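Spelled out, the chains give:
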Amino acid sequence: MLIDPAQAARHPALAEFALRDLQERLAIATGALNKIIEMNQQWAADQWGDAGRAENMACVRTAREALAALAQQPQALQFSADAI
């Protein structure tokens, strides 16, 4: 849910709800990406006896890139909370 800063100023409870919603979605996405990495590491361990080989798989690289991008979100969320 995106809220205009002026609207957030008029309705801080709505803005706080939206911020919590974004934080929850961030946690869900982060958890899912970590689970994808873990599953691929397990597959690599089962297949080759080396979980580290999963790091060369496109799906793991993509998940790690997404996690790195999501890691920037808490600062953006904090900035949004400070602006309210």
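Predicted model only: the values in this text are computed from it and were never measured. (Residues numbered from 1 in each chain as written. Predicted model: local features only at pLDDT ≥ 70, side-chain atom pairs only at ≥ 80, totals over all residues. Heavy atoms only, no water.)

J.: For helix H3 (residues 58-71), give the residues involved together with the corresponding values.
T.: With 14 residues, H3 extends 20 Å from end C-alpha to end C-alpha; this agrees with the ideal 20 Å at 1.5 Å per step. Of all the positions in H3, only Val60, Ala63 and Leu67 are classed as buried. Mapping the buried residues of H3 onto a view down its axis gives an arc of 60°, with all of them on the same face. (Helix = DSSP H or I, 4+ residues; strand = E, 2+ residues; numbered from the N terminus. Expected span 1.5 Å × (residues − 1). Buried < 20%, exposed > 50% of the residue type's maximum accessible area, 1.4 Å probe, protein only. Arc of directions from axis to C-beta.)

J.: Which residues make up the packing of helix H2 (residues 12-48) against H3, and what values go with them?
T.: Where H2 meets H3, the closest approach of the two axes is 9 Å, and the angle between their N-to-C directions is 155°. Relative to H3, H2 is oriented roughly antiparallel. Here H2 runs over H3; the crossing is left-handed. Counted together, Leu26, Ala29, Thr30, Leu33, Asn34, Ile37, Asn40 and Gln41 of H2 and Cys59, Val60, Ala63, Arg64, Ala66, Leu67 and Leu70 of H3 form the full contact between these two elements. Broken down by class, the residue content of the contact of H2 with H3 amounts to 10 nonpolar, four polar and one charged. (Axes fitted to C-alpha atoms, helices over the stretch in contact; angles between N-to-C directions. Parallel < 35°, antiparallel > 145°, perpendicular 65-115°, else oblique. Left-handed = near helix turned anticlockwise from the far one by under 90°. Contact = heavy atoms within 4.5 Å. Nonpolar A, V, L, I, M, F, W, Y, C, P; charged D, E, K, R; others polar.)

J.: Tell me about the side chain of Asn40, residues and numbers included.
T.: The topology assignment puts Asn40 in helix H2. Among the polar contacts made by the side chain of Asn40, one reaches the main-chain carbonyl oxygen of Ile36 at a distance of 2.8 Å. Discounting residues that sit within four places of it in the chain, Asn40 has contacts with Ala54, Met57, Cys59 and Val60. (Polar contact = N/O pair within 3.5 Å; in protein donor to acceptor, adjacent residues only side chain to side chain.)

J.: I'd like a rundown of H2, residues and numbers included.
T.: The terminal C-alpha atoms of H2, which comprises 37 residues, lie 53 Å apart, in line with the 54 Å expected from a rise of 1.5 Å per residue. Along H2, the positions that sit buried rather than exposed are Ala15, Ala18, Leu19, Asp21, Leu26, Leu33, Ile37, Asn40 and Ala44. Within two residues after H2, Gly49 carries a phi angle of roughly 75°, on the positive side.

So yeah, pure geometry; function would need other evidence.
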